[in-house]
Amino acid sequence: MTDEITARLGRDFYVFDGRILEVFSSHPHRFHIRNMDLRVTGPDRKGRWTVVIVAGPPEAPATQHTWHHSAEDWQRAQGLEALLEAVRAGIASAREGGA
């Protein structure tokens, strides 16, 4: 992947370049696909979505970052689902030895 993907959800801005996911918010974060796991769950019975990133190698996770999003915010998110799917694909590729 050579093109940068961006997405906005509320005040948070997400950028993924194929290897690094950056989340610009009140507390910015950077994650490398070789050192993270991504889980997206939802919608729950109230329509809320949860994005969880566990940083650290799969055999020894270090920290967990969790974002909870309302149904309305998730629907208004510009490009977030596509970005998260690209991140998930990048993680899978890295685990297969490709990145």
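Residues numbered from 1 in each chain as written. Predicted model: local features only at pLDDT ≥ 70, side-chain atom pairs only at ≥ 80, totals over all residues. Heavy atoms only, no water.

Caption draft 1: Structural detail: unusual backbone geometry. Note that the residue after glycine 42, namely proline 43, is joined by a cis bond; omega there is -5°. With respect to the secondary-structure elements, proline 43 resides in the loop between strand E5 (36–41) and strand E6 (49–55). (Helix = DSSP H or I, 4+ residues; strand = E, 2+ residues; numbered from the N terminus.)

Caption draft 2: Structural detail: helix H2 (residues 80–95). Counted at 1.5 Å a residue, the expected span for H2 with its 16 residues is 22 Å, and the 23 Å between its end C-alpha atoms agrees. Those residues of H2 lying buried are Leu80, Leu83, Leu84, Ala86, Val87, Gly90, Ile91 and Ala94. Burial along H2 is one-sided: seen end-on, the buried residues are contained in an arc of 155°. Structurally, H2 contributes buried residues whose contacts are with strand E1 (5–9), strand E2 (12–16), strand E3 (20–24), E5, E6 and helix H1 (71–76). Residue glycine 97 follows H2 closely and has a positive phi angle near 95°. (Expected span 1.5 Å × (residues − 1). Buried < 20%, exposed > 50% of the residue type's maximum accessible area, 1.4 Å probe, protein only. Arc of directions from axis to C-beta. Contact = heavy atoms within 4.5 Å.)

Caption draft 3: Spotlight on the sheet that holds strand E4 (residues 29–32). Here four strands make up an open sheet; going across it, the order is E1-E2-E3-E4 and the pairing antiparallel. With partners counted over all chains shown, the strands left at the sheet margins are E1 and E4, one partner each. On average, each strand axis in the sheet is inclined to that of its neighbour by 15°, with strand direction left out of account. Of the pairings in the sheet, the one linking E1 to E2 comprises five bridges and is antiparallel in character. Of the residues in E2, the one forming a bridge with leucine 9 is aspartate 12. (Pairing = 2+ DSSP bridges. Axes fitted to C-alpha atoms, helices over the stretch in contact; angles between N-to-C directions.)

Caption draft 4: Expanded view of the pattern of salt bridges. Using the criterion set out here, one finds six salt bridges in the structure. In this structure, the salt-bridge partner of aspartate 37 is arginine 39, at a minimum N-O distance of 3.6 Å. Salt-bridge contacts for arginine 95 lead to aspartate 37; the nearest nitrogen and oxygen are separated by 3.6 Å. Within this pair, whereas arginine 95 is found in helix H2, its partner aspartate 37 is found in strand E5, the two being separated by 58 residues in sequence. Its relative accessible area of 26% is what places aspartate 37 among the partly exposed residues. Sharing partners across several salt bridges, the network here consists of Asp37, Arg39 and Arg95. (Salt bridge = Lys/Arg side-chain N within 4 Å of Asp/Glu carboxyl O.)

Just distances and angles here, no functional claims.
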